Amino acid sequence: MTEQNEAELQAMLEEIQGEVAERTLPHFDHADARRIGSAAAALAERDHLPIVVAANRGQQRVFHAAFAGTTAEHDDWVRRKLNTTMRHEIPSLEFVLRQQLSGHTPEWLDQREFAIAGGAVPIVVAGITVGAIAISGLVGSIREDHDLAMEALRRARPHP
């Protein structure tokens, strides 16, 4: 890894870590999960994006939508990204960046159950991870799925 690449990854990691306030909600129930998932689905419909979106409350899948251009493989990526995020209580992209910067993947990681890929974002209430949204299908960069999930969260936030 070059110094420039390492600096870029470190800057991206710091940016992702700085999004905690945007991932923090005053409450999170089934209606909130559906609203966040629906916000992502609306963006997919508007931009004709080939994605799968899922929103969980705890371990329960509350929202799921798959758009043209996706397959069951995308559903599995979403499941594994959600597993990574819920296990570590960080965005799956943060997990990716930490692995790239450290230069190794944990030996315990079962890639049939956990994905080292961006796109799942934890939802936090009062400092506790209570759910997550995950996107799979965008392949332009390592952060496209993550950015779409964050945009859905921003659009679905309750307004004071």
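Now for a quick tour of the structure. Worth saying up front: this structure is predicted, and the values here are computed from it rather than measured.

Describing the overall build of the chain
Next, step 1: Scanning the chain from N- to C-terminus turns up 6 helices and 4 strands.
Next, step 2: Moving toward the C terminus, one meets the helices and strands of the chain in the order α-α-α-β-β-α-α-β-β-α.
Next, step 3: Here the C-alpha atoms of the chain give a radius of gyration of 15 Å, agreeing with the 15 Å that 2.2 N^0.38 yields for 160 residues.
Next, step 4: The long-range fraction of contacts in the chain, counting pairs at least 24 apart against all pairs at least 6 apart in sequence, stands at 67%.
Next, step 5: For the chain, the exposed surface amounts to about 8,100 Å²; the carbon and sulfur share of it is 51%.

Regarding the packing of helix α3 (residues 30-47) against helix α6 (residues 144-156)
Next, step 1: Their axes nearest at 8 Å, the elements α3 and α6 cross at an angle of 120°. In terms of axis orientation, α3 runs oblique to α6. Classified by chirality, the crossing of α6 by α3 is right-handed. Residues Arg35, Ile36, Ala39, Ala40, Leu43 and Arg46 of α3 touch α6, and the partners they reach there are Leu148, Glu151, Ala152, Leu153, Arg155 and Ala156.
Next, step 2: Partitioned by chemical class, the residues of the contact of α3 with α6 number 8 nonpolar, no polar and 4 charged.

Let's talk about the packing of aromatic side chains
Next, step 1: In total, this model carries 1 aromatic pair according to the counting rule given.
Next, step 2: Centroid distance Trp108 to Phe114: 5.7 Å. Interplanar angle 85°. Geometry classified as edge-to-face.
Next, step 3: With relative accessibility at 10%, the residue Phe114 sits in the buried group.
Next, step 4: Seen from the ring of Trp77, Arg80 lies directly overhead, with NZ or CZ sitting 4.2 Å from the centre.

Focus on the sheet that holds strand β4 (residues 128-136)
Strand pairing in a sheet relies on backbone hydrogen bonds. The paired strands run either parallel or antiparallel.
Next, step 1: Reading across the sheet, the 4 strands line up as β2-β1-β4-β3 and stay open at both edges, with antiparallel pairing between neighbours. Each having just a single partner strand, β2 (60-66) and β3 (120-125) make up the two edges of the open sheet. Averaged over all pairs of adjacent strands, the angle between their axes in this sheet comes to 15°, without regard to strand direction.

Conventions and cut-offs
- Residues numbered from 1 in each chain as written.
- Predicted model: local features only at pLDDT ≥ 70, side-chain atom pairs only at ≥ 80, totals over all residues.
- Heavy atoms only, no water.
- Helix = DSSP H or I, 4+ residues; strand = E, 2+ residues; numbered from the N terminus.
- Rg over C-alpha atoms; globule rule 2.2 N^0.38 Å.
- Contact = heavy atoms within 4.5 Å.
- Areas by Shrake-Rupley, 256 points an atom, 1.4 Å probe, with all protein chains shown as cover.
- Axes fitted to C-alpha atoms, helices over the stretch in contact; angles between N-to-C directions.
- Parallel < 35°, antiparallel > 145°, perpendicular 65-115°, else oblique.
- Left-handed = near helix turned anticlockwise from the far one by under 90°.
- Nonpolar A, V, L, I, M, F, W, Y, C, P; charged D, E, K, R; others polar.
- Phe/Tyr/Trp six-rings, centres within 6.5 Å; stacked < 30°, edge-to-face > 60°.
- Buried < 20%, exposed > 50% of the residue type's maximum accessible area, 1.4 Å probe, protein only.
- Lys NZ or Arg CZ within 6 Å of the ring centre and 35° of its normal.
- Pairing = 2+ DSSP bridges.

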